[in-house]
Amino acid sequence: MTRPLFVNIGERTNVTGSARFRKLVANGDYPAALAVARQQVEAGAQVLDVNMDEGLLDSPRAMTTFLNLIAAEPDIARVPIMVDSSKWEVIEAGLKCVQGKAIVNSISMKEGEAKFLEQATKCLRYGAAVVVMAFDEVGQADTRDRKVAICERAYRVLTEQIGFPPEDIIFDPNIFAVATGLEEHNNYAVDFIEATRAIKQLLPYARISGGVSNISFGFRGNEPVRRAMHSVFLYHAIAAGMDMGIVNAGELPVYDEIDRELREAVEDVILNRRADGTERLVDMAPRYKVGGPAAKVEDAAWRSGSVGERLTHALVRGIGEFIEIDVEEARLAASKPLEVIEGPLMAGMNVVGDLFGAGKMFLPQVVKSARVMKQAVAYLMPFMEAEGDGSPRKAAGKVLMATVKGDVHDIGKNIVGVVLQCNDYEVIDLGVMVPADRILDEAIKLQVDIVGLSGLITPSLDEMVFVAGEMERRGFSIPLLIGGATTSRTHTAVKIEPAYQRGSTTYVTDASRAVGVVSGLMSSVERPKAEAETRAEYIRIREQFVRSQEAKVRTPLAAARAKRFSADWQLYQPPKPTFLGTRAFGPYDLGELARYIDWTPFFQTWELAGHYPMILEDDVVGEAARSLFADAQAMLKQVIAERWFEARGVAGLWPANADGDDIVIWTDETRTAERARLFTLRQQMSKAEGRPNLALADFIAPIGGPLDYIGGFAVTAGHGETAVAERFKAAGDDYNAILSTSIADRLAEAFAEALHHRVRTELWAYAPEENAAGGFDIGALLGEKYRGIRPAPGYPAQPDHTEKATLFSLLDATNATGIELTDSFAMNPPASVSGLYFANPQAHYFGVGKIERDQADDYARRKGWTLAEAERWLAPILNYEPRRATAA
């Protein structure tokens, strides 16, 4: 069974818990403080805990300043904020700044129910979730029974008296230190774990959180022992239902990898199994203070095991060197070749599935396991065919997968398919750009059990709604799975699930959840319960979505324009480019592009959380990351030497001025004839005084002002990527197929970075000093420590994908690069990047967010669209229900 996913709450943006962060904030060094937040996100934090409770700080002001800065940093603002304070005025100051859904940490009944309800009501009005401490008028709960009783009382008060959504209640039943030397503290961990189990059973949809580092407070200064205590505690608490916690996930050792003697001693303490547990751990701890025991060394001892043990080891480790020898031995011992597949090979893959589900294996390792399994099956196939036993064995289920029409991205889908195959499911992959009719016709023809849809670009969201509606119209009842980078549980609940009521619709967060979801939907026993729970959850999400939309204060378009960003055009003189028009580049040197690769997103593709290069030494995923990186480096050398891919690009620079929220591209420097017009969208969220409502047009000088310019680009490193991936797939090597596609993506992003660097230093030449600043600095480039931005249509600063059509026309991009746009404005080859160049030193990235009806109408008028067209292409950002069905 898959263990529940655990949400890591980053702990380093807390002045009470991090001396470095406290010093940075106290000194007003907010750029460095932001770097701490960014490091937390890059290390895998899924929520940021921000606390400014320090006696010498103006805490409300510090909270406001820091959260406003975070809002302008998309790479940080993409994770939710936990506003953490013991003072309500600080919490409220934070809530006024946070965009999106916040979490308040914390409120409690320590001052009675009236104060508790007053604060909870304000949180409800802000649309925030709350952490509720197990704390009442008597004091903090320490025993299991007190924890449960206080949480149950708080739950009833919140849900019954003010209608607080139960899914927005996060209980903190208090994690206290164990092994302190005081006997009454010995059961604290057990009390928390048992209270967690009881709360999850008694109080539907509530979550459980806690400050994990508290458990090891008695061993301050001995980090190896503390980390072992955190890992063991979480192992048992998560199994009991703990959902999230404040913990440094990057320093957690894998439970099974903790030295056995230390783990047993820690477990005795955590589970209070021995009266002398504390004394034994205290005696043992000094041996671990400098560092843990030597790392285990892999040797060839596994070759002396039975053939079943050898096959399992080879599959788990992804070792194909001896697989044919071992499979042959197993075949000779079996009555027929099929028994080898159904017996030792599937037993080995079951171990892989169990380890992956338990978080003890990671995606790259699982995909390698699949490669070895295919190698074994390929060896057996001739023997099976010779015996007339070549027909496919009955799989656990049949899943049809497709990237929807208009979209060309399929890395994530391919990974999910491999993971499902590892768990004995037959996967039919229809590929990319698949129309609804073909998806459904093939589903009927092949009699599949489940349909899975994937998409990366925002127009794919509408196409998924259309497919779901077609499944309803054609009378389907099989489960529908939804996944992809732009999808979400909320979008699935609000838009897709209501379109398909005959069957069930389930959002799958990532490959690690796919097997659990599919197995539940394939079980005649579990399916009714799983579908009922999902439907109930989606109803709550829809109700919560409606409440949150009603609660949000939006700014009318006219008022937002009045608060536009205003550069000082008298002090700033826009630089003139070295040429006007377009320049094509290619075939571009892949070796040169390799210098610009940002490897962090590469690991994220494989669901390994962490920032390169630190991820290579990570306690949890380091081994998997090192192995994957070594394979990637070897393949990259081959890609460059053998020219597997061809990179082509084009850049353009043109005279431009802003006309309201539009950017006019002039035919020449006389600026009398308009060549094209780029349309931008403006933020309409309510903002504090002095904070502008931005649109990209704000960064270009207005008509009548200084002579300004704008640039654009389109690059690809994808010519050849599909053929290479298909060659690997045909050989049964999904691992290298996915790896090659991942590398093509990285080279395309590197091309965008390299070309932007050339534009800044040579072609537009507004920052030539970059080349004279001490040489090539990839860290500075990837950290965007340069002047100017390159936002792309379809991304947060301009969510309208159709603007790519104008950009491609200006660049003549298809002729120059071979990149084509699909009907939904996805770029093909998939490993392609395009965008605009802004040189203004005050230009920065931002997110438009949701827009109101008045802006959608105005945007349609400016672009010459019908209202239906506007609502189709802007559907993901509309803050209202479209007035007519969107075209599919």
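Cut-off values and rules
Residues numbered from 1 in each chain as written. Predicted model: local features only at pLDDT ≥ 70, side-chain atom pairs only at ≥ 80, totals over all residues. Heavy atoms only, no water. Helix = DSSP H or I, 4+ residues; strand = E, 2+ residues; numbered from the N terminus. Rg over C-alpha atoms; globule rule 2.2 N^0.38 Å. Buried < 20%, exposed > 50% of the residue type's maximum accessible area, 1.4 Å probe, protein only. Contact = heavy atoms within 4.5 Å. Pairing = 2+ DSSP bridges. Salt bridge = Lys/Arg side-chain N within 4 Å of Asp/Glu carboxyl O. Phe/Tyr/Trp six-rings, centres within 6.5 Å; stacked < 30°, edge-to-face > 60°. Lys NZ or Arg CZ within 6 Å of the ring centre and 35° of its normal. Axes fitted to C-alpha atoms, helices over the stretch in contact; angles between N-to-C directions. pLDDT = per-residue confidence, 0-100. Core = buried A, V, L, I, M, F, W, Y, C linked by side-chain atoms within 4.5 Å. Parallel < 35°, antiparallel > 145°, perpendicular 65-115°, else oblique. Disulfide = S-S within 2.5 Å. Left-handed = near helix turned anticlockwise from the far one by under 90°. Nonpolar A, V, L, I, M, F, W, Y, C, P; charged D, E, K, R; others polar.

Q: Explain the overall build of the protein to me, and be specific about the residues and the numbers.
A: Within the protein one finds 32 helices and 21 strands. On C-alpha atoms alone, the protein measures out to a radius of gyration of 28 Å, which is about the 29 Å that the 2.2 N^0.38 rule sets for 888 residues. Taken along its principal axes, the extent of the C-alpha atoms in the protein is 85 × 80 × 60 Å. Counting the 888 residues in the protein, one finds 55% classified as buried. Pairs at least 24 residues apart make up 74% of the contacts formed inside the protein by residues separated by at least 6 positions.

Q: Kindly report on unusual backbone geometry, identifying the contributing residues and their values.
A: Here the amide bond leading from N105 into S106 is cis, since omega sits at 15 degrees, within 30 degrees of zero. Residue position: S106 is located in strand β4 (residues 103-107). Residue P587 follows G586 across a cis peptide bond; omega there is -5 degrees. Relative to the assigned elements, P587 resides in the loop between β14 (581-585) and α23 (590-594). A positive phi angle, near 75 degrees, is found at N174, a position not held by glycine. Locating N174 in the fold gives a position in the loop between β6 (169-172) and α8 (188-202). With phi around 60 degrees, E607 is a residue other than glycine that occupies positive phi space.

Q: Run through the side chain of Q544, naming residues and quoting values.
A: With respect to the element layout, Q544 can be found in helix α21 (residues 527-551). Residue classification places Q544 among the buried residues on the basis of a relative accessible area of 14%. In contact with Q544, other than residues within four places in its own chain, are K101, E167 and D168.

Q: So what's going on with the pairing of strand β18 (residues 708-719)? Residues and values would help.
A: The element β18 is largely enclosed, with a buried count of 11 among its 12 residues. The pairing of strand β15 (residues 646-659) with β18 spans 10 bridges and is classified as antiparallel. Looking across to β18, one finds that G652 is bridged to G712. Relative to strand β21 (residues 832-837), β18 is paired through 6 bridges, and the arrangement is antiparallel. For V715, the partnering residue across the bridge sits in β21 and is V833.

Q: I'd like a rundown of the pattern of salt bridges, residues and numbers included.
A: In total, this model carries 55 salt bridges according to the counting rule given. Measuring nitrogen to oxygen at the nearest pair gives 3.0 Å for the salt bridge that ties D858 to R862. Of the two residues, D858 and R862 both sit in helix α31 (residues 853-863), 4 residues apart, roughly one turn of that helix. As far as burial versus exposure is concerned, D858 and R862 are alike and both buried. Within this structure, R561, R564, D659, D661, D662, E674, R677, R682, D698, D858, R861 and R862 form a network of salt bridges that share partners.

Q: I'd love a proper account of the packing of aromatic side chains, names of residues and values included.
A: Following the criterion strictly, the structure yields 24 aromatic pairs and no others. Ring geometry for W599 against F602: centres 5.2 Å apart, planes inclined by 90 degrees, an arrangement best described as edge-to-face. Judged by relative accessible area, W599 falls into the buried class, the value being 7%. Through a chain of ring-to-ring contacts, the aromatic side chains of W599, F602, F603, Y612 and F629 assemble into a single cluster. Between the NZ or CZ atom of K110 and the centre of the ring of F135, over which it lies, the distance is 5.6 Å. The lysine or arginine in question, R583, covers the ring of F579, its NZ or CZ lying 4.1 Å from the ring centre.

Q: Requested: an account of the sheet that holds strand β10 (residues 426-429), with residues and values cited.
A: If you walk across this open sheet you meet the 5 strands as β10-β9-β11-β12-β13, and the pairing is parallel. With partners counted over all chains shown, the strands left at the sheet margins are β10 and β13 (505-507), one partner each. Taken over all neighbouring pairs, the strand axes of this sheet differ in orientation by 25 degrees on average, direction set aside. Bridge analysis of strand β9 (residues 398-403) against β10 gives 4 bridges, and the strand direction is parallel.

Q: Residues and numbers for the confidence of the model for the protein, please.
A: The pLDDT averaged across the protein works out to 87; a share of 94% of its residues lies at or above 70. Looking at the elements of the protein, mean pLDDT is at its lowest for helix α28 (residues 778-782), recorded as 72, and at its highest for strand β16 (residues 662-666), recorded as 98. Overall, residues 291-299 carries pLDDT values under 50, and its contacts beyond four positions in sequence, including any with other chains, amount to 7 contacts. Confidence drops under a pLDDT of 50 for residues 884-888, and excluding neighbours within four residues, the segment shows 11 contacts in the predicted structure.

Q: Quick rundown of the nonpolar core? Include the residues and the values.
A: Core analysis: the biggest nonpolar cluster contains 154 residues, and L420, F603, L608, I710, L747 and F838 have the highest contact counts within it. Looking at this core, the element that brings in the most residues is helix α27 (residues 734-763), giving 15 residues. Those residues in contact with F603 that sit more than four places away from it in its chain are L608, Y612, I615, L616, A625, L628 and F629. In terms of nonpolar packing, the next biggest core, distinct from the first, is built from 92 residues, A128, A134, M242 and V247 among them.

Q: Describe the environment of A347, naming the residues involved and giving the relevant values.
A: Position of A347 among the secondary structure elements: in helix α14 (residues 338-357). Remark: the alpha-carbon pair of A347 and L24, spanning 323 residues in sequence, is separated by 54 Å.

Q: Any chance you could break down the packing of helix α25 (residues 622-642) against α27 for me, citing the residues and the numbers?
A: Where α25 contacts α27, the two axes come as close as 10 Å, and the packing angle between them is 70 degrees. Here α25 is positioned roughly perpendicular relative to α27, judged by the angle of their axes. Of α27, the residues touching α25 (which contributes L628, D631, A632, M635, L636 and V639) are Y735, N736, L739, S740, I743 and L747.

Q: An account of helix α12 (residues 307-317) is requested, with residue identities and associated values reported.
A: Within the sequence span of α12, burial applies to R310, L311, T312, H313, A314, L315 and V316. Looking one or two residues past α12, G318 carries a phi angle of roughly 70 degrees, positive in sign.

Q: If you had to explain the sheet that holds strand β3 (residues 81-84) to someone new, which residues and values would you point to?
A: The parallel open sheet is built from 8 strands, whose spatial order is β7-β6-β5-β4-β3-β2-β1-β8. The sheet is open, and its two edges are formed by β7 (207-208) and β8 (244-246), each paired on a single side. Inspection of the sheet shows strand β1 (residues 7-10) paired to β8 by 3 bridges, in the parallel sense. Across the sheet, I9 pairs through a bridge with I246, a residue of β8. Against the sheet, helix α6 (residues 113-126) touches β4 and β5 (129-133), its axis set at about 180 degrees to β4.

Q: Pulling in residues and values, what's your account of the state of the cysteines?
A: Counted according to the given criterion, the structure contains 0 disulfides. Lacking any disulfide linkage, C151 is separated from the closest cysteine sulfur, that of C123, by 16 Å. With a relative accessible area of 1%, C151 lands in the buried category.

Q: For the packing of α8 against helix α9 (residues 223-240), give the residues involved together with the corresponding values.
A: For the pair α8 and α9, interaxial distance at closest approach is 8 Å and the crossing angle is 20 degrees. With respect to their mutual orientation, α8 and α9 come out roughly parallel. Seen from above, α8 lies across α9 with right-handed handedness. For the pair α8 and α9, the contacting residues are A189, F192, I193, T196, R197 and K200 in the first and F233, H236, A237 and A240 in the second. A breakdown of the residues in the contact of α8 with α9 according to their chemical character gives 6 nonpolar, 2 polar and 2 charged.

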